[in-house]
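Report on the structure
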Amino acid sequence: MILGLDFDNTIIKYDELFHKIAFEKGLIPEELPKQKNSVRDYLRLNGVENEWTIIQGEVYGDRIKEAKPFPEMLETLNKLNLSEVGLRIISHKTLYPYLGPKRDLHKAALSWLRFNKIINSKNSCIDLKKVFFETTKQKKIERIIKSGCTHYLDDLPEILEMIPSGIKKILFSPNGTQDSYEDWKVIKSWKELPTIIK
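This report concerns the structure included in the present document.

Observations concerning the nonpolar core
- If you look at the biggest cluster of nonpolar residues, it comprises 46 residues, and the most contacted ones within it are F7, W112, L113, I118, I126 and W190.
- Discounting residues that sit within four places of it in the chain, F7 has contacts with I12, Y14, I64, I89, S91, K93, A109, W112, L113 and F133.
- Membership of the second largest hydrophobic core comes to 14 residues, among which are I90, F132, I141 and I167.

Right under this line is the structure:
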């Protein structure tokens with residue numbers, strides 16, 4: 001069994017950090033919900049979408065270490081690792097932000113994984129050689145296939161729809177999706193994952 005894992009908004013939780021940076025810049029009211037999409041929608045509604053793009057570069061770049069892991073993610077990965085489930089991180093991520101200072105977003109993501117002891121530590125559950133950041137969605141899908149994933153976890157239905165039917169698809173939906181998917185499993189928290197893939 002090889003479980004492929006998305007990174008952004010699946011392993012790492014950005015909601016509070018997007019809110020924090022946008023509020024620091026005076027772009028949103030403090031009472032706006034601390035959710036990434038709420039911040040994005042508010043900025044778009046107020047005609048400052050470029051600011052949203054600049055904030056993305058900061059969140060995914062210099063300030064990524066302020067973002068938190070999803071609750072129970074690390075404990076679950078360790079549990080799966082002990083059960084000898086092969087783990088791969090395979091994510092779609094541009095190399096540089098579209099606006100703002102040029103930062104290597106792949107290096108920033110790897111530094112977050114090290115900082116949170118997911119890779120490159122004595123207790124790591126994932127080998128650095130099994131972490132892949134691909135620059136397009138199509139390359140991400142190709143990597144999932146090439147890596148021999150039997151299962152794949154992502155927060156985006158559009159990605160799961162692109163994956164071949166032989167791979168078991170798991171949608172990570174912490175806020176709870178109302179949709180039902182015939183061939184997919186849906187989880188709201190990481191602690192549900194070991195039961196789902198058995």
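So, the pattern of salt bridges
- Following the criterion strictly, the structure yields 14 salt bridges and no others.
- In this structure, the salt-bridge partner of R40 is D41, at a minimum N-O distance of 3.0 Å.
- According to the relative accessible area criterion, R40 is partly exposed, its value standing at 23%.
- Note on D41: relative accessible area 39%, which makes it partly exposed.
- A salt bridge links K140 to D154, with the nearest nitrogen and oxygen atoms 2.6 Å apart.

Here we look at the sheet that holds strand β5 (residues 131-134)
- With respect to topology, six strands assemble into an open sheet ordered β5-β4-β1-β6-β7-β8, the strand pairing being parallel. The open sheet has two free edges, formed respectively by β5 and β8 (184-187), since each of these has just one partner strand. Strand-to-strand twist in this sheet, taken as the mean axis angle between neighbours without regard to direction, amounts to 20°.
- As paired strands, strand β1 (residues 2-5) and strand β4 (residues 86-92) are joined by four bridges and run parallel to one another. In the sheet register, L3 faces β4, and the bridge partner there is L87.
- Where helix α6 (residues 137-146) meets the sheet, its contacts fall on β4, β5 and β6 (151-154), and the angle it forms with β4 comes to roughly 165°.

Cut-offs used in this document
- Residues numbered from 1 in each chain as written.
- Predicted model: local features only at pLDDT ≥ 70, side-chain atom pairs only at ≥ 80, totals over all residues.
- Heavy atoms only, no water.
- Core = buried A, V, L, I, M, F, W, Y, C linked by side-chain atoms within 4.5 Å.
- Buried < 20%, exposed > 50% of the residue type's maximum accessible area, 1.4 Å probe, protein only.
- Contact = heavy atoms within 4.5 Å.
- Salt bridge = Lys/Arg side-chain N within 4 Å of Asp/Glu carboxyl O.
- Pairing = 2+ DSSP bridges.
- Helix = DSSP H or I, 4+ residues; strand = E, 2+ residues; numbered from the N terminus.
- Axes fitted to C-alpha atoms, helices over the stretch in contact; angles between N-to-C directions.

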